[in-house]
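The primary structure of each chain is shown beneath.
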Amino acid sequence: MRGFTVLIAVFCACAFRTTIAQAIPLECGERKVKTVFLVQHGTETKEGHWPWHTAIYHRQGQDFEYACGGSIIDRNTILTAAHCLYTSSGRIELDRLSVQVGRNQLSEASTRSQEHQAEQLIVHPGYSPDSVADDIALIRLATDITMTRYIQPVCLWNMEPNHELIVGRNGTVVGFGLTEHDRVSDYLRQAAIEVVDSWTCIQSDRVAYGSTLTAGMYCGGGKAGVSVCNGDSGGGMFFQFSDNWYVRGVVSFMPLRENIGLCDGTKYTVFTDVAKYREWVAQFINPTLASVREDPLLVDSSPKLRLLNFNTCGISPYTNGTNDSFLAYPWIGLVEMLAPGQNKPTAFCQVTLISEWYAVGPAHCFRNDGMERTVRLGDYDRSTETDCIERNGTTVCAPPVQILAIERIIIRPDYNQLSITDDLALIEFRRPANISQPNVRPICLPVTVALRSYKPTAFTLGGFPVAGDRVVASTPTYLNSVNCQERYNAINYPLRKSHTQICAISVPANYTGPCERMLSGSSLQTVQAFGRRERHFLQGVLSFGARECDATVPDIYTNVAIYLDWILYNMRDIRLSGPDPHDQLIFTS
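Let me begin by describing the structure that accompanies this report.

The rules behind each value
- Residues numbered from 1 in each chain as written.
- Predicted model: local features only at pLDDT ≥ 70, side-chain atom pairs only at ≥ 80, totals over all residues.
- Heavy atoms only, no water.
- Salt bridge = Lys/Arg side-chain N within 4 Å of Asp/Glu carboxyl O.
- Helix = DSSP H or I, 4+ residues; strand = E, 2+ residues; numbered from the N terminus.
- Buried < 20%, exposed > 50% of the residue type's maximum accessible area, 1.4 Å probe, protein only.
- Pairing = 2+ DSSP bridges.
- Axes fitted to C-alpha atoms, helices over the stretch in contact; angles between N-to-C directions.
- Core = buried A, V, L, I, M, F, W, Y, C linked by side-chain atoms within 4.5 Å.
- Disulfide = S-S within 2.5 Å.
- Phe/Tyr/Trp six-rings, centres within 6.5 Å; stacked < 30°, edge-to-face > 60°.
- Lys NZ or Arg CZ within 6 Å of the ring centre and 35° of its normal.

**Topic: the pattern of salt bridges**
Here is step 1 of the chain: A complete count under the given rule lists 14 salt bridges for this structure.
Here is step 2 of the chain: A salt bridge links Arg306 to Asp573; the shortest N-O distance between them is 2.4 Å. Note that Arg306 is positioned in the loop between strand 18 (288-290) and strand 19 (332-337) and Asp573 in the loop between helix 6 (564-570) and strand 34 (586-588), a separation of 267 residues in sequence.
Here is step 3 of the chain: Under the relative-accessibility criterion, Arg306 is labelled partly exposed at 28%.
Here is step 4 of the chain: One connected set of salt bridges, linked through shared partners, spans Glu194, Arg408, Glu428 and Arg572.

Structure below.
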């Protein structure tokens, strides 16, 4: 029978419910140490970035040796895997167990770290050292942990326990396990691991997973060479929602390499699903609360920020102080669809490019209707093959447009097509956009508190009109929520406007010119200083408005800044393994 990496633990016969001292709930899941970004590809972490991770040591002879990981879940309780409390001799004795928190390096203790002894071991009653089922346990510490900026509890998963909600999403695992060179890492490391469905896991290796997976487990795997390994057992898999981190999984086991006894990094890792054991855990701990702050977004410390290109975002190389809109907004993309019986795609919506791999647009443009959609980037005039303009006596022409196939469409889960709220979708391309071309560039997102605090009285709106071929621009005026709702009530359309929407009037009062309705998804922008220059920042995407041009009825935009955490959470670190001649970018000229 093939071996598994199930690394050591013990049962404390605690059938009774332990009395929990009531206290003010502890805030959880917040990083107190802020950093600009953190690479998530099996790399060393920054001190304080995972303040809930715990190092569990076993005494071998006179020395304590690192054995497993764990997670702080209240003032004196550590969540870990049950097998981490066993040795080859059976149940570990309390005096042979040491727990260290706030530690980022094994070889050298920091002044910020703390050492605690175990007072009680609480193993799930269904666990047996001869099996991998119910592989979850708690360590009750003899002394309370002193919370600091570098030592904090993580939140227990409190959302739906359905496995389907996390399939396809990346969680983060951290630990001091073996590196790709089969050496124990001296520094705490992290990796992004994608959750897969149980059938995919079983199909990958029926011998390893077919008879072991239970409803209390799930599988995950990283990119080539990135996985959990010996010594990572007991550590958590963490997901970020809004501004708080939650533990959903505990590292349990993965298959071993043949005749070596070390983990096989090409196989899926099995995690104990904390969501399925929440009630069991809750009876032994003090409750914690997700922390609340004035600014609910902490994306400026998100590890995903490196997926956004801050060197080129929001800069239009064509404007140069001129007032025309010739490719002034190189982040505009047209959603095209080839309807039955037609030989030419129809553009019916607009998206905004936010990185080489991703764009955002209205959810209502991506109905599950079986029609394939593509995104056309770098266009200015749909009626011409090549976009050119005379400027200062010189003909300026743009590079060819880029047409990209769509790999994934992620619809905001609370999107309501009746009230048209939370009307946002994240679009992932099959191949990256070529953002080295001047007519295709991403816009910036307002990722810092300072950028989000800017309150303009007017915006810049860029996009294609419904009945026109060229990009146009206007300056909609901001309208507050009360006035906005009053105006929609006047046309018998009660508006369920919230802070997730922006209200702005595009048609000036007493306007008598031609009506120019914009495509859904048109980009509502601000120009703000960032670094050493001014850049365009995406504030909203056009969701809906009045059917006819009406100076009294404002347009409604989805407020993109509100969804930054969700956008970054769903973005993946995509790296091409090499050119695929069968799936190249399609260029037209």
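**Remarks on the sheet that holds strand 10 (residues 137-141)**
Here is step 1 of the chain: Sheet architecture is closed into a barrel: 6 strands sit in the order 3-4-5-10-9-8, paired in antiparallel fashion. For this sheet, the mean inter-axis angle between neighbouring strands, taken without regard to orientation, is 45 degrees.
Here is step 2 of the chain: In terms of strand pairing, strand 9 (residues 114-123) meets strand 10 through 5 bridges, oriented antiparallel. Across the sheet, the residue bridging to Gln120 is Arg140, located in strand 10.

**Digging into unusual backbone geometry**
Here is step 1 of the chain: The backbone phi angle of Asp134 is positive, close to 55 degrees, even though this residue is not glycine.
Here is step 2 of the chain: In this structure, Asp134 sits in the loop between strand 9 and strand 10.
Here is step 3 of the chain: Its identity is not glycine, yet Asn492 carries a phi of approximately 60 degrees, on the positive side.
Here is step 4 of the chain: The topology assignment puts Asn492 in the loop between helix 5 (481-490) and strand 30 (501-505).

**With respect to the nonpolar core**
Here is step 1 of the chain: In terms of nonpolar packing, the biggest core is built from 54 residues, with Ile354, Leu426, Ile567 and Met571 touching the most fellow members.
Here is step 2 of the chain: Broken down by secondary-structure element, the contributors of at least two residues to this core are strand 19, strand 20 (346-353), strand 21 (358-361), strand 22 (373-377), strand 25 (401-411), strand 26 (425-429), strand 32 (533-544) and helix 6.

**Digging into the state of the cysteines**
Linking two cysteines covalently via their sulfur atoms produces the bond known as a disulfide.
Here is step 1 of the chain: Under the criterion given, the structure shown has 7 disulfides.
Here is step 2 of the chain: A sulfur-sulfur separation of 2.1 Å characterises the disulfide bridge that pairs Cys484 with Cys503. Handedness here is read from the sign of the S-S torsion; for Cys484 and Cys503, about 85 degrees, the answer is right-handed. Of this pair, Cys484 sits in helix 5 while Cys503 is found in strand 30, placing the two residues 19 residues apart along the sequence.
Here is step 3 of the chain: Note on Cys484: relative accessible area 0%, which makes it buried.
Here is step 4 of the chain: With a relative accessible area of 0%, Cys503 lands in the buried category.

**With respect to the pairing of strand 4 (residues 63-74)**
Here is step 1 of the chain: Across the 12 residues of strand 4, 9 count as buried, placing the element largely inside the fold.
Here is step 2 of the chain: Looking at chain direction, strand 3 (residues 53-60) and strand 4 are connected through 8 bridges and run antiparallel. When the bridges of strand 4 are listed, Tyr57 appears paired with Tyr66.
Here is step 3 of the chain: The hairpin formed by strand 3 and strand 4 contains 2 residues between the paired strands, and Gly61 there has a positive phi angle of roughly 70 degrees.
Here is step 4 of the chain: Both strand 4 and strand 5 (residues 77-80) contribute to a ladder of 3 bridges, which runs antiparallel. Residue pairing across strands places Ile72 opposite Ile78, the latter belonging to strand 5.

**Examining the packing of aromatic side chains**
Here is step 1 of the chain: All told, the structure shown has 16 aromatic pairs when counted by the stated rule.
Here is step 2 of the chain: Pairing Trp50 with Trp52 gives two aromatic rings, centres 6.2 Å apart and planes at 75 degrees, and the pair type is edge-to-face.
Here is step 3 of the chain: Positioned above the aromatic ring of Trp50 is the side chain of Arg31, whose terminal nitrogen or guanidinium carbon lies 4.3 Å from the ring centre.
Here is step 4 of the chain: When the ring centre of Tyr150 is taken as origin, the NZ or CZ atom of Arg112, which lies over that ring, is 4.1 Å away.

**A short note on the pairing of strand 27 (residues 460-463)**
Here is step 1 of the chain: Residue alternation in strand 27 divides its side chains into two sets, Thr460 and Gly462 and Leu461 and Gly463, and both sets are buried.
Here is step 2 of the chain: Taken together, the 3 bridges between strand 27 and strand 31 (residues 523-530) define a ladder with antiparallel strand orientation. Pairing of Thr460 across the sheet is with Gln525, part of strand 31.
Here is step 3 of the chain: Pairing of strand 27 with strand 28 (residues 472-474), which is carried by 3 bridges, proceeds in the antiparallel orientation. Following the sheet pairing, Leu461 is matched in strand 28 by Ser474.

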